[in-house]
Amino acid sequence: MGVVARVDAATTDTQKFTANVAVNMSVTAPSDAVLTHDETDANQAFTAQPWSVIGNSQNGVSVSFATNGPFVNTADATFKRDAKLGLSINSQTGPGAFTVSQATAQTDYANSVNVATVSAVSDGVSNATLDLSVEFITGTFGTFAAGTYETIVTGTITAL
């Protein structure tokens, strides 16, 4: 007589897959910008510069752009011109949204205001291209030395 063997085998099982995503925040500047003054009294506007901003913090991020001072003549630092910044949102993607919190700012070196800062915040995970506008404040042309004038803008991002 034959023996019937009983085999108990699992008919279902599970396996978990986990992907860990680190907080990623970055702000990336475009290439350096240069213009040639048109020799009028008009402020000299650089082409708007597209800065890339990435922030996957669920609470959002804050990003600011600040000058290191007014425009300064690289050969003679006693000659300065004020810098004006403007910030706007070019494009954005993600479930969160960026809003501009400080749209314009300007240095006023004659009154010891040496830094201009503009800023934006997001309310959640979002990537954006923010357009930074920079102006060289001329005043009266011919009242400052010829030469190269520079200012540096630093972008800083922090999680909220």
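Note that this is a predicted model, so its numbers are computed, not measured.

**With respect to the side chain of threonine 138**
And step 1. Looking at the element boundaries, threonine 138 is found in the loop between strand 11 (126-136) and strand 12 (149-150).
And step 2. Given a relative accessible area of 0%, threonine 138 falls into the buried group.
And step 3. Leaving out residues up to four positions away in the same chain, threonine 138 has contacts with His37, Thr40, Asp41, Ala42, Asn43, Gln44, Arg81 and Phe144.

**Things to note about the sheet that holds strand 12**
And step 1. The strand order across the open sheet formed by 3 strands is 6-5-12, and the pairing between neighbours is antiparallel. Each of the sheet's edge strands pairs with one partner strand only, and the pair in question is strand 6 (80-81) and strand 12.
And step 2. Taken together, the 2 bridges between strand 5 (residues 71-73) and strand 6 define a ladder with antiparallel strand orientation. Within strand 6, the residue paired with phenylalanine 71 across the bridge is arginine 81.

**What to know about the side chain of serine 122**
And step 1. Mapped onto the elements of the fold, serine 122 is located in strand 10 (residues 117-122).
And step 2. A residue is classified by how much of its surface remains accessible, and serine 122, at 4% relative accessible area, is buried.
And step 3. One polar contact links the side chain of serine 122 to the main-chain carbonyl oxygen of glycine 124, over a distance of 3.2 Å.
And step 4. For serine 122, the residues in contact, after removing those within four places along its chain, are Asn59, Gly60, Val61, Ala97, Phe98 and Leu160.

**Looking at the sheet that holds strand 13 (residues 153-159)**
And step 1. Spatially, the 4 strands line up as an open sheet ordered 8-10-4-13, and their pairing is antiparallel. Strands with a single pairing partner mark the edges of an open sheet, and in this sheet they are strand 8 (98-102) and strand 13. Neighbour-to-neighbour, the strand axes of this sheet turn through a mean angle of 20°, independent of strand direction.
And step 2. As defined by bridge partners, strand 4 (residues 61-67) adjoins strand 13 across 7 bridges and the pair is classed as antiparallel. Residue pairing in the sheet places valine 61 in a bridge with alanine 159 of strand 13.

**Considerations on the layout of surface pockets**
And step 1. Its boundaries defined by the atoms lining it, the largest pocket holds a volume of some 910 Å³.
And step 2. What lines the largest pocket is a set of 30 residues, and nearest its centre among them are Ala33, Val34, Phe46, Phe71 and Tyr149.
And step 3. Per-element tally for the lining of the largest pocket: the top contributor is strand 11, with 3 residues.
And step 4. Tallied by class, the residues present in the lining of the largest pocket amount to 18 nonpolar, 9 polar and 3 charged.

Cut-offs used in this document
Residues numbered from 1 in each chain as written. Predicted model: local features only at pLDDT ≥ 70, side-chain atom pairs only at ≥ 80, totals over all residues. Heavy atoms only, no water. Helix = DSSP H or I, 4+ residues; strand = E, 2+ residues; numbered from the N terminus. Buried < 20%, exposed > 50% of the residue type's maximum accessible area, 1.4 Å probe, protein only. Contact = heavy atoms within 4.5 Å. Pairing = 2+ DSSP bridges. Polar contact = N/O pair within 3.5 Å; in protein donor to acceptor, adjacent residues only side chain to side chain. Axes fitted to C-alpha atoms, helices over the stretch in contact; angles between N-to-C directions. 1 Å grid on protein atoms, 1.4 Å probe; cavity = no way out; pocket = protein on both sides within 12 Å on 5 of 7 lines; lining within 4 Å. Points joined across faces, edges and corners; volume = space filled by probe spheres on them. Nonpolar A, V, L, I, M, F, W, Y, C, P; charged D, E, K, R; others polar.

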